[in-house]
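Below are the chains, spelled out letter by letter.
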Amino acid sequence: MTRRARKRVAVLISGRGSNMASLIAAAINPSFPAEIVGVVSNRADARGLEIAGTHGIATKVVSARDYDGREAHDAAIHEALAEMKAEIVCLAGYMRLLTPDFVQKWKGRMINIHPALLPNFRGLDTHARALATGVRIHGCTVHFVTPEMDDGPIIAQAAVPVLIGDTEETLSARVLKMEHRLYPRALKLLAEGRVRMSNGAAVFTNVADESGETAIVSPGERQR
């Protein structure tokens, strides 16, 4: 049986790139259906660039300060992704809003991870807002990217408890561990063609694998 070619994935980052690193770690396994072929950052000082470089992954800095407006900047990013022959784009802590034209070019092929259980707590400061609201369950979401911020169809979510005495730092650390497990699983679904975006929804096909694992809800170890 001929193995299907691995999907070429580029990652957009702005900072430390910890979720990028989790994708790279998953893709080291040759059986993983995607390979990380490039990393693009809007910041030259993003720590994730060094991590990607140590793995021999092509990197490129596309600074917004070098372009006249968001459209020109996003066009340069699109050109960089085309040079990398990317088929899928993963946003991993990319801290700029993308233009509708750019999003349209990558419709159904661009995903993002957000540190909250969408549709709750879109935007920034999710952990502080969760604590202030008093929710007892928090988590993270991988979703398709659409022009509206943090509003695309949901691919996968993982939940963690909000413990009595939690601070923003302790809750953030608990969610981040889940992010690192969830993002590769969601990318795997997309790369294998087991999820796609259609008519504004995430459509799943043959989600359960041979082990019966769905990779949809709360993967991970028991929370203490």
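Residues numbered from 1 in each chain as written. Predicted model: local features only at pLDDT ≥ 70, side-chain atom pairs only at ≥ 80, totals over all residues. Heavy atoms only, no water.

Draft legend 1. Structural view of the nonpolar core. Counting 45 residues, the largest nonpolar core has Val11, Cys90, Ile111, Ile155 and Leu187 as the members making the most contacts within it. Looking at this core element by element, the count peaks at 10 residues for helix H6 (residues 168–191). Look past the residues within four positions of leucine 187 in its chain and what remains in contact with it is Val9, Leu23, Phe32, Ala34, Ile88, Cys90 and Ile111. Val37, Leu81, Tyr94 and Leu98 belong to the second largest nonpolar core, which has 20 residues in total. (Core = buried A, V, L, I, M, F, W, Y, C linked by side-chain atoms within 4.5 Å. Buried < 20%, exposed > 50% of the residue type's maximum accessible area, 1.4 Å probe, protein only. Helix = DSSP H or I, 4+ residues; strand = E, 2+ residues; numbered from the N terminus. Contact = heavy atoms within 4.5 Å.)

Draft legend 2. Broad picture of the sheet that holds strand S3 (residues 58–61). Taking strand neighbours across the sheet as the criterion, the 7 strands line up as S3-S2-S1-S4-S5-S6-S7 in an open arrangement whose pairing is mixed. The strands lining the two open edges of the sheet, one partner per strand, are S3 and strand S7 (154–161). The mean angle between the axes of side-by-side strands here comes to 20°, regardless of whether they run parallel or antiparallel. Strand direction decides the pairing type here: strand S6 (residues 137–144) and S7, joined by 7 bridges, are antiparallel. Looking across to S7, one finds that cysteine 140 is bridged to alanine 158. (Pairing = 2+ DSSP bridges. Axes fitted to C-alpha atoms, helices over the stretch in contact; angles between N-to-C directions.)

Draft legend 3. Up close: the layout of surface pockets. In this structure, the largest pocket encloses a volume near 980 Å³. As for the largest pocket, its lining consists of 36 residues, and the residues nearest its centre are Gly93, Tyr94, Met95, Pro115 and Leu124. Counting only elements with at least two residues in the lining of the largest pocket, the list comes to helix H1 (18–27), strand S5 (110–114), helix H5 (126–133) and H6. Sorting elements by how many residues they give to the lining of the largest pocket places H6 first, with 4 residues. (1 Å grid on protein atoms, 1.4 Å probe; cavity = no way out; pocket = protein on both sides within 12 Å on 5 of 7 lines; lining within 4 Å. Points joined across faces, edges and corners; volume = space filled by probe spheres on them.)

Draft legend 4. Region of interest: unusual backbone geometry. A cis geometry characterises the amide bond from leucine 118 onward to proline 119, with omega recorded as 10°. Summarising the element assignment, proline 119 is placed in the loop between S5 and H5.

Draft legend 5. The arrangement of the confidence of the model for the protein chain in detail. Per-residue confidence for the protein chain gives a mean pLDDT of 92, with 91% of residues at or over 70. Note on residues 210–224: pLDDT is under 50 here. Beyond four places in sequence and across chains, it has 29 contacts. (pLDDT = per-residue confidence, 0-100.)

Draft legend 6. The arrangement of the environment of glycine 134 in detail. Position of glycine 134 among the secondary structure elements: in the loop between H5 and S6. Taking the C-alpha atoms as reference, glycine 134 lies 8.5 Å from valine 162; in sequence the two are 28 residues apart.

Draft legend 7. Examining the side chain of histidine 138 more closely. Relative to the helices and strands, histidine 138 is located in strand S6. Judged by its relative accessible area of 1%, histidine 138 falls in the buried class.

Draft legend 8. A look at the packing of H5 against H6. Interaxial distance between H5 and H6 falls to 9 Å at its minimum, and their mutual angle equals 115°. The handedness of the crossing between H5 and H6 is right-handed. Contacts between H5 and H6 involve His127, Ala128, Ala130 and Leu131 from the first element and Glu168, Leu171, Ser172 and Val175 from the second. (Left-handed = near helix turned anticlockwise from the far one by under 90°.)

Draft legend 9. Seen up close, the pattern of salt bridges. For the structure on display, the rule yields 8 salt bridges. The salt bridge involving arginine 43 is made with aspartate 45; its shortest N-O contact spans 2.9 Å. Classification of arginine 43 as partly exposed rests on a relative accessible area of 40%. What makes aspartate 45 exposed here is its relative accessible area of 52%. Between lysine 105 and aspartate 101 there is a salt bridge whose closest N-O contact spans 3.5 Å. (Salt bridge = Lys/Arg side-chain N within 4 Å of Asp/Glu carboxyl O.)

Draft legend 10. Summary view of the packing of H1 against H6. Between H1 and H6, the least distance of the axes is 9 Å, while the angle of their chain directions is 50°. Regarding the angle of H1 to H6, the classification is oblique. With respect to the hand of their crossing, H1 and H6 are arranged in right-handed fashion. For the pair H1 and H6, contact is made by Ser18, Asn19, Ser22, Leu23 and Ala26 and by Leu176, Glu179, His180, Tyr183, Pro184 and Leu187, respectively. Looking at the contact of H1 with H6 residue by residue, the classes come out as 6 nonpolar, 4 polar and 1 charged. (Parallel < 35°, antiparallel > 145°, perpendicular 65-115°, else oblique. Nonpolar A, V, L, I, M, F, W, Y, C, P; charged D, E, K, R; others polar.)

Draft legend 11. Structural detail: the pairing of S3. When strand S2 (residues 34–41) meets S3, the two strands line up parallel, connected through 4 bridges. Residue serine 41 lies in a different strand from S3, and its bridge partner there is valine 61. Crossover connection from S2 via helix H2 (residues 47–54) to parallel S3: handedness right-handed. (Right-handed = clockwise from strand over helix to strand, strands pointing away.)

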